[in-house]
Amino acid sequence: MALFAVLTTQNPTGISADEFRRRLPQGFAYFKALVDKGVIKHSWARVGAQGGLNIFQVDSHEELAVALYDNPISPHLTFEVFPLAEVSSIDPVAFEQDAG
């Protein structure tokens, strides 16, 4: 399993702001379903940024891409993806050996 932090930002290209707001509940319902399935482990609103920060736990990059782009409003969102590693998975001894 891999963890990814995904910053999602609203980008209503090609539709009016009113149309985007009308479709937004579909996007929220889609993300809630991913939370319920355990695909999204944590989800936060980015106050003042018109978007969210979600931690995805998936088996592959392909699974992440499907989760992001199957969203019915994904054409009107931008995603910034950051792969994550748990601190416990980092071997501090390896860093000492590389430095010496």
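Residues numbered from 1 in each chain as written. Predicted model: local features only at pLDDT ≥ 70, side-chain atom pairs only at ≥ 80, totals over all residues. Heavy atoms only, no water.

Peer 1: Outline the nonpolar core, listing residues and values.
Peer 2: Judged by nonpolar contacts, the single largest core of 18 residues is most densely connected at Val 6, Leu 34, Phe 56 and Leu 64. Every element with two or more residues in this core is listed here: β1 (2-10), α1 (17-37), β3 (51-58), α2 (61-69) and β4 (77-84). Among the elements that line this core, the one with the most residues is α1, at five residues. Filtering out sequence-adjacent residues up to four positions away, Phe 56 remains in contact with Ala 2, Leu 3, Phe 4, Val 6, Phe 31, Leu 34, Val 39, Ile 40, Leu 64, Ala 67 and Leu 68. (Core = buried A, V, L, I, M, F, W, Y, C linked by side-chain atoms within 4.5 Å. Buried < 20%, exposed > 50% of the residue type's maximum accessible area, 1.4 Å probe, protein only. Helix = DSSP H or I, 4+ residues; strand = E, 2+ residues; numbered from the N terminus. Contact = heavy atoms within 4.5 Å.)

Peer 1: Summarise the pattern of salt bridges; cite the residues concerned and give the values.
Peer 2: In the structure shown here, the tally under the stated rule is four salt bridges. Note that Arg 22 and Glu 19 form a salt bridge whose closest N and O atoms lie 2.5 Å from each other. With Arg 22 and Glu 19 both in helix α1 and three residues apart, this pair spans about one turn of that helix. Residue class for Arg 22 comes out exposed when judged on its relative accessible area of 53%. A salt bridge links Asp 36 to Lys 32, with the nearest nitrogen and oxygen atoms 3.0 Å apart. Taken together, the positions of Asp 36 and Lys 32, both in helix α1 and four residues apart, correspond to about one turn of that helix. Here the residues in one salt-bridge network are Glu 19, Arg 22 and Arg 23, joined through shared partners. (Salt bridge = Lys/Arg side-chain N within 4 Å of Asp/Glu carboxyl O.)

Peer 1: Account for the packing of aromatic side chains, naming residues and giving values.
Peer 2: This model, assessed by the stated rule, comprises three aromatic pairs. Centre to centre, the rings of Tyr 30 and Phe 31 are 6.1 Å apart; their planes meet at 90 degrees, and the pair counts as edge-to-face. Side by side, Tyr 30 and Phe 31 carry an identical accessibility label, which is buried. Here the aromatic rings of Tyr 69 and Phe 79 are separated by 5.4 Å at their centres, their planes lie at 90 degrees, and the arrangement is edge-to-face. You can see Tyr 69 sitting in helix α2 and its partner Phe 79 sitting in strand β4, a full 10 residues away along the chain. Using a relative accessible area of 53% as the deciding quantity, one classes Tyr 69 as exposed. Within the aromatic cluster, the residues linked to one another by ring pairs are Tyr 30, Phe 31 and Phe 56. (Phe/Tyr/Trp six-rings, centres within 6.5 Å; stacked < 30°, edge-to-face > 60°.)

These figures come from the coordinates and say nothing about function on their own.
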